[in-house]
Amino acid sequence: MAKKILRCTVNGRQIELAVAPNQTLVQVLRDELNLTGTKVGCDMGTCGCCTVHINGKAKLSCLTLALECQGAQITTIEGLNQYELHPLQKAFAEKGGSQCGFCTPGFIMKSAALLAENPAPSREEIAAGLSGNLCRCTGYVKIYDAVEQAAQEMQRAEAPAPAPART
Amino acid sequence: MPHAPNAGQTTNNHQLNRGVWGAAGAPAQVPFNTVGQRVPLKDAFRKVTGEGIYADDMRLPGMLHARILRSTHAHARIRSIDTRAAEALPGVRAVITGAESDRRFGVLPVSEDETALATDKAIYVGDPVAAVAADSEEIAAQAIWLIEVDYEPLPEFLKPQDSLKQVPPEHQLHDKVDKGHPGTNVHKAVDQEFGDVQGAFKQAACIVNGEFKFDGITHAPTEPHAVLAHWDADDRLNLFTPQQVPHYTHKALSKVLDLPMHRIQVIRTMVGGGFGGKSDPFQHEMVVAMLSRRTRRPVKLTMDREEIFLTGRGRHPTEGKLAMAFGADGKLLGLDSDIIIDGGAFASFGVVSTYYNGVLSNGPYLLPAFRYKGRRIYSNRIPSGAMRGHGSVNPRYCTETLVDMAAVKLGLDPCELRLRNFLQPNTLTPFHKFRITSNGVREALLEAMKRSDWKNKWGKLPYGHGIGVGCSFFISGSALPIHWNKLPQSTVHLKIDFDGGVTVHSMAADIGQGSDTVLAQCVAEVLGVKLDRVHVKSQASDMAPVDLGSYSSRVTFMAGNAARDAAEKARALLADAAAKLTGQPAQYFDFVDEQLICRSKPHIRVSFMDALHEAHSGRGALAVSGCYQSPPLGTEFKGSNAGLSPSYSFSAFICELKVDPDTGIVTPIKVWAAHDCGRALNPLSVEGQIEGSVHMGLGQALTEQMRYRGGQLLNANLLDYKIPMTVDTPEIEAIAIESVDPEGPFGAKEAGEGALAPIIPAVGNAIYDAIGVRMFEVPMTPERILRAIEAKKREQTK
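Residues numbered from 1 in each chain as written. Chains lettered and ligands numbered in written order. Predicted model: local features only at pLDDT ≥ 70, side-chain atom pairs only at ≥ 80, totals over all residues. Heavy atoms only, no water.

**As for the overall build of chain B**
Phase 1 of the analysis: A tally of helices and strands in chain B yields 19 helices and 31 strands.
Phase 2 of the analysis: A globule of 798 residues ought to have a C-alpha radius of gyration of about 28 Å, and chain B, at 27 Å, matches this closely.
Phase 3 of the analysis: Viewed in the frame of its principal axes, chain B has a C-alpha envelope of about 90 × 75 × 50 Å.
Phase 4 of the analysis: Looking at chain B as a whole, 67% of its 798 residues are labelled buried.
Phase 5 of the analysis: If you take every contact in chain B between residues at least 6 apart in sequence, the share linking residues at least 24 apart comes to 80%.
Phase 6 of the analysis: A total of about 27100 Å² of accessible surface is found on chain B, and carbon and sulfur atoms cover 52% of it.
Phase 7 of the analysis: Here chain B carries 85 positive and 89 negative side-chain charges, and the mean point of each set is 3 Å from the other. (Helix = DSSP H or I, 4+ residues; strand = E, 2+ residues; numbered from the N terminus. Rg over C-alpha atoms; globule rule 2.2 N^0.38 Å. Buried < 20%, exposed > 50% of the residue type's maximum accessible area, 1.4 Å probe, protein only. Contact = heavy atoms within 4.5 Å. Areas by Shrake-Rupley, 256 points an atom, 1.4 Å probe, with all protein chains shown as cover. Lys, Arg positive; Asp, Glu negative; His and termini not counted. Charge placed at Lys NZ, Arg CZ, Asp CG, Glu CD.)

Laid out in structure tokens, this is it:
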């Protein structure tokens, strides 16, 4: 299939790339841009490991064709920490929300989108918000702990000034 | 072979814990530095940032991609394979079939029955038949469908009873079967009888029995199996693989490729979940190594989700007929157990599984008479193997259900009946001589009862709302070596160079359970240094000594003790240096907060770095080696090694749930999970292990099942294979019971596996409390619950 040019922004960096029409976003992120923090657990939209932000919304990058992202702002786990850890990253590490770590980037990206919409979710709201993400290790308990801690920290902190981008 | 039950006190001759410190150290009751602290995993920050490298994240220059062609038949002779069209496809660099190698391998040397690719016949749907290496994954995927395989179908063995029968040799799945069952598809038979079983059932005041059935389940780690092989210019093979047991893969590669072990380096990449599913040496590891040997280029293979299901090694589908006898006082008198486990296509860990399904019923209760007839059969299904709680989980459901039934019959509180029968600490089990040292099961059950308000709930909740209990015990590291040799079970090298960094080299595999962190804690504790000074290198076999890996819940106990042993040797050298600098006796120095402090004159102190540089003078970097070998254990009958462990963990769980009698849907409300882990070296990890075990066990209890049509798995994806998601998972209260084991490192024992088994019977028993029906089939799906309710109604109207 003839390739087309994809122009978009990934973690603040301008991307211009020849992409086949059947290439998924996660393939482009991992194989073309070497952003391997986004994981592929099932490649069919059932595990949530590949969650990224497209224009601020959490999306499954295995079910998104790359060329759908023309002009879009994309953020991956690597773009969440610009110079310092995002409160969610810190909390997932400190609270034991990550064991084997394979689902963690997806959970963190989904949680970040959740907290953007609802900065102080209840435990039930966190569970509902994360219900599309599968974790085989933690039983989710410490993931809830992490999201709660991050929510509190983010509410306490002033909104940080946007830092220069890195990819 | 009857043995007299003499479960008496034992003197413990193998006290590794010489107090909390070694001979060169301080008194036993110094407060801990890092042990017992809630510390984030050593690699947590790499995981939360996406920096951690899993196998599929690896890319090497010139790398090729592989795909495997898998059998579409459950049982078929392979008449011929035509690879010409695949080879002709542009971009294809190598195509291999079973002709590449007929060398057999398998995790247990006693039952090596796998080849890299099927040689003469395919024995399950998914059996690897051929493989391709190509310039891209797409080309490789296209190429495997150009391979023509001519199959001649053979009779399929899909029911355990069929595999017990005599068949012509061409219908046997493997040429080697159980010695007592020639000409069948019985892989392993175990028959054990101890004590007076007949007498126990004759004198019993209460006999309970049941016929149980369990569907197979699978590990389903979120990370797909992936492997990268590089046969490099130095003529060495480097294999990057997410292995729980890199050493056994190392041995198998050497055998299959006919290459000395020193010309192979196995590098464990980050493991995205194992649970036993990444502990066999695998066919795909051999295949990719062979493709790299052919092409002399790096070759990577990443499985799709269906292939992960097909690769299997999950919990055996199980059928069991069990009976238990109790006295009028509620004392357990005997167990009679007859279990068939479906091993699927390969042996895997199956010999061990067959033993474990029986012998691990000799606890957590004192069992004075025991009969076990165990059969593991080969079938044309996905191979079964070791999964979290290996061999203990399904039989535990049976016995814990029967104990509950006995309590009802005897009019006793089920917790009370359990409390009357628990094994005592510091005893031997009567027949297998399992040496029970620390044992916190009583404390665990009492704590779970207290926190759950058991006494006010059990038998008192309204219809449809119930509470149930389950107890268990598990090995804390198998003392039985898989390969009989004189190697210690764990060796740890420790190096302290001029920069003051403490590097721990070990092949204990961190699979997310946090073993690197535990090793670092053990070392930091002995040396009195901060955790960030300690670096654990546990990935590359060139860089680390042999460890038997992450299975049988052995790492904290065995590698932890080896790390501690190494650290104590380094500590002695540092204490000598401090003595030289100060003129005080070496044994007077305490190691606290990165200082060596003279106990009798606390104003005399030497910093860790000063002591280190003094110790370096004239000798170079400190490099020491520590090891662990379990003490002689057990007794002498054939098979008596199975189930031996230097220590055992215990657990007692209580589950509260609701059952909708109209739909059969079970909604767990809360689980109180008390687990005796000896000492929680890192409580954050211990809780995480308990919570994860409860979650995985709830999956098996309620929703997870491998569903087949003939030999074809119907639900090889994460949508139809139902693992509990956030909204399906109840509140879990993890309770660490610290019995302080005499031989575990700082008193620790396992927490990763034993905590799975009790949740399943706790659910079953809670369903009985809620709606009065006994569940003999697992998972306890809505359909099965409705059928049980119907059956009960029919019985009542009779």
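Still more to cover.
**Here's the deal with the domain arrangement of chain B**
Residue and element names in this part refer to chain B.
Phase 1 of the analysis: Considered domain by domain, chain B is made up of domain 1 (55-154 + 223-272 + 278-311), domain 2 (390-479 + 643-797) and domain 3 (482-628).
Phase 2 of the analysis: A C-alpha centroid distance of 39 Å is found between domain 1 and domain 3.
Phase 3 of the analysis: In this assembly, 20 residues from domain 1 lie in contact with 20 residues from domain 3.
Phase 4 of the analysis: Here domain 1 packs against domain 3, burying approximately 1600 Å² in sum over the two surfaces, 52% of which is carbon and sulfur.
Phase 5 of the analysis: The largest contributions to the domain 1 side of the interface with domain 3 come from Gln 244, Tyr 248 and Arg 268, which together make up 38% of the buried area.
Phase 6 of the analysis: A salt bridge links Arg 236 to Asp 542; the nearest nitrogen and oxygen atoms lie 2.9 Å apart.
Phase 7 of the analysis: Among the elements of the structure, α6 (246-257) and β11 (264-268) are those that each provide at least two residues to the side of domain 1 that touches domain 3. (Domains from an automatic or database assignment. Buried area = accessible area lost by both parts, 1.4 Å probe. Salt bridge = Lys/Arg side-chain N within 4 Å of Asp/Glu carboxyl O.)

**Re the domain arrangement of chain A**
Residue and element names in this part refer to chain A.
Phase 1 of the analysis: For chain A, the assigned domains read domain 1 (4-80) and domain 2 (87-156).
Phase 2 of the analysis: If you average the C-alpha positions of domain 1 and of domain 2, the two centres end up 21 Å apart.
Phase 3 of the analysis: Contacts between the two partners involve 16 residues from domain 1, matched on the other side by 14 residues from domain 2.
Phase 4 of the analysis: When the two sides are added together, the surface that domain 1 and domain 2 hide from each other amounts to roughly 1200 Å², 68% of it contributed by carbon and sulfur.
Phase 5 of the analysis: Two residues, Lys 57 and Glu 117, come together in a salt bridge whose shortest N-O distance is 4.0 Å.
Phase 6 of the analysis: For the pair domain 1 and domain 2, the number of links is three residue pairs in polar contact (both at pLDDT 80 or more).
Phase 7 of the analysis: Of all the elements in the fold, those that place two or more residues in the side of domain 1 that touches domain 2 are β3 (51-54), β4 (57-60) and α2 (77-80).
Phase 8 of the analysis: Split into classes, the residues belonging to the side of domain 1 that touches domain 2 amount to six nonpolar, eight polar and two charged. (Polar contact = N/O pair within 3.5 Å; in protein donor to acceptor, adjacent residues only side chain to side chain. Nonpolar A, V, L, I, M, F, W, Y, C, P; charged D, E, K, R; others polar.)

**So, the packing of helix α3 (residues 87-94) of chain A against helix α6 (residues 141-156) of chain A**
All names here are of chain A.
Phase 1 of the analysis: Packing of α3 against α6 leaves a shortest axis separation of 8 Å and a crossing angle of 140°. Taken as axis vectors, α3 and α6 run oblique relative to one another. Between α3 and α6 the crossing geometry is right-handed. Contacts from Pro 87, Leu 88, Lys 90, Ala 91, Phe 92 and Glu 94 of α3 reach α6 at Ile 143, Ala 146, Val 147, Gln 149, Ala 150, Glu 153 and Met 154.
Phase 2 of the analysis: Per-class residue counts for the contact of α3 with α6 are nine nonpolar, one polar and three charged. (Axes fitted to C-alpha atoms, helices over the stretch in contact; angles between N-to-C directions. Parallel < 35°, antiparallel > 145°, perpendicular 65-115°, else oblique. Left-handed = near helix turned anticlockwise from the far one by under 90°.)

**Focus on the environment of Lys90(A)**
All names here are of chain A.
Phase 1 of the analysis: Relative to the helices and strands, Lys 90 is located in helix α3.
Phase 2 of the analysis: With relative accessibility at 28%, the residue Lys 90 sits in the partly exposed group.
Phase 3 of the analysis: Taking the C-alpha atoms as reference points, Lys 90 and Asn 11, 79 residues apart in sequence, are found 19 Å from one another.
Phase 4 of the analysis: Setting aside anything within four residues of it in sequence, one finds Lys 90 in contact with Leu 85 and Glu 153.

**Observations concerning the nonpolar core**
Residue and element names in this part refer to chain B.
Phase 1 of the analysis: Counting residues in hydrophobic clusters, the biggest one holds 171 residues, and the most contacted among them are Val 763, Ile 767 and Met 780.
Phase 2 of the analysis: Discounting chain neighbours no more than four positions away, the residues touching Ile 767 are Leu 657, Val 659, Val 666, Gly 772, Val 773, Met 775, Met 780 and Ile 785.
Phase 3 of the analysis: Val 526, Ala 567, Ala 586 and Leu 596 belong to the second-largest nonpolar core, a separate cluster that totals 51 residues. (Core = buried A, V, L, I, M, F, W, Y, C linked by side-chain atoms within 4.5 Å.)

**Comments concerning the interface of chain A and chain B**
Phase 1 of the analysis: Each side of the interface is counted separately: chain A has 49 residues, and chain B has 49 residues.
Phase 2 of the analysis: Here chain A and chain B share an interface that buries about 3700 Å² over both sides, 59% of which is from carbon and sulfur atoms.
Phase 3 of the analysis: Looking only at chain A, the three residues that lose the most surface to chain B are Gln99(A), Cys100(A) and Arg136(A), adding up to 22% of its buried area.
Phase 4 of the analysis: Here chain A is connected to chain B by seven salt bridges.
Phase 5 of the analysis: For the salt bridge of Lys142(A) with Glu691(B), the shortest nitrogen-to-oxygen distance reads 3.1 Å.
Phase 6 of the analysis: The interface formed by chain A and chain B contains 22 residue pairs in polar contact (both at pLDDT 80 or more).

**A few points about the state of the cysteines**
All names here are of chain A.
Phase 1 of the analysis: This model, assessed by the stated rule, comprises zero disulfides over all chains.
Phase 2 of the analysis: The cysteine Cys 50 is free of any disulfide, with Cys 62 supplying the nearest cysteine sulfur at 3.7 Å.
Phase 3 of the analysis: For Cys 50, a relative accessible area of 4% translates into the label buried.
Phase 4 of the analysis: Left without a disulfide partner, Cys 137 is nearest to the cysteine sulfur of Cys 100, which lies 3.8 Å away.
Phase 5 of the analysis: For Cys 137, a relative accessible area of 5% corresponds to the buried category. (Disulfide = S-S within 2.5 Å.)

**Quick word on the side chain of Lys142(A)**
Phase 1 of the analysis: Inspection of the secondary structure puts Lys142(A) in helix α6.
Phase 2 of the analysis: Residue classification places Lys142(A) among the buried positions, given a relative accessible area of 3%.
Phase 3 of the analysis: A distance of 2.9 Å separates a polar atom in the side chain of Lys142(A) from a polar atom in the side chain of Glu687(B).
Phase 4 of the analysis: Dropping the residues within four chain positions of it, Lys142(A) is found in contact with Lys95(A), Gly96(A), Gly97(A), Arg38(B), Leu684(B), Glu687(B), Gly688(B) and Glu691(B).

**Observations concerning the packing of aromatic side chains**
Residues and elements named next belong to chain B.
Phase 1 of the analysis: Following the criterion strictly, the structure yields 19 aromatic pairs over all chains and no others.
Phase 2 of the analysis: Measuring from ring centre to ring centre gives 5.9 Å for Phe 32 and Phe 746, while their planes differ by 90°; the resulting arrangement is edge-to-face. Pair noted here: Phe 32 is in the segment before α1 (44-49) and Phe 746 is in the loop between β30 (731-737) and α18 (759-771), with a separation of 714 residues, a long-range link.
Phase 3 of the analysis: A residue is classified by how much of its surface remains accessible, and Phe 32, at 25% relative accessible area, is partly exposed.
Phase 4 of the analysis: Aromatic ring contacts, followed pair by pair, group Phe 212, Phe 214, Tyr 397 and Phe 776 into a single cluster.
Phase 5 of the analysis: Positioned above the aromatic ring of Tyr 708 is the side chain of Arg 381, whose terminal nitrogen or guanidinium carbon lies 4.3 Å from the ring centre.
Phase 6 of the analysis: Residue placement shows Arg 564 over the ring face of Phe 746; its charged tip is 4.6 Å from the ring centre. (Phe/Tyr/Trp six-rings, centres within 6.5 Å; stacked < 30°, edge-to-face > 60°. Lys NZ or Arg CZ within 6 Å of the ring centre and 35° of its normal.)

**Here's the deal with helix α4 (residues 104-117) of chain A**
Residues and elements named next belong to chain A.
Phase 1 of the analysis: The end-to-end C-alpha separation of α4 is 20 Å, in line with the 20 Å expected for 14 residues at 1.5 Å each.
Phase 2 of the analysis: Most of α4 sits inside the fold, with eleven of its 14 residues counted as buried.
Phase 3 of the analysis: Within the span of α4, buried status applies to Thr 104, Pro 105, Gly 106, Phe 107, Ile 108, Met 109, Ser 111, Ala 112, Ala 113, Leu 114 and Leu 115. (Expected span 1.5 Å × (residues − 1).)

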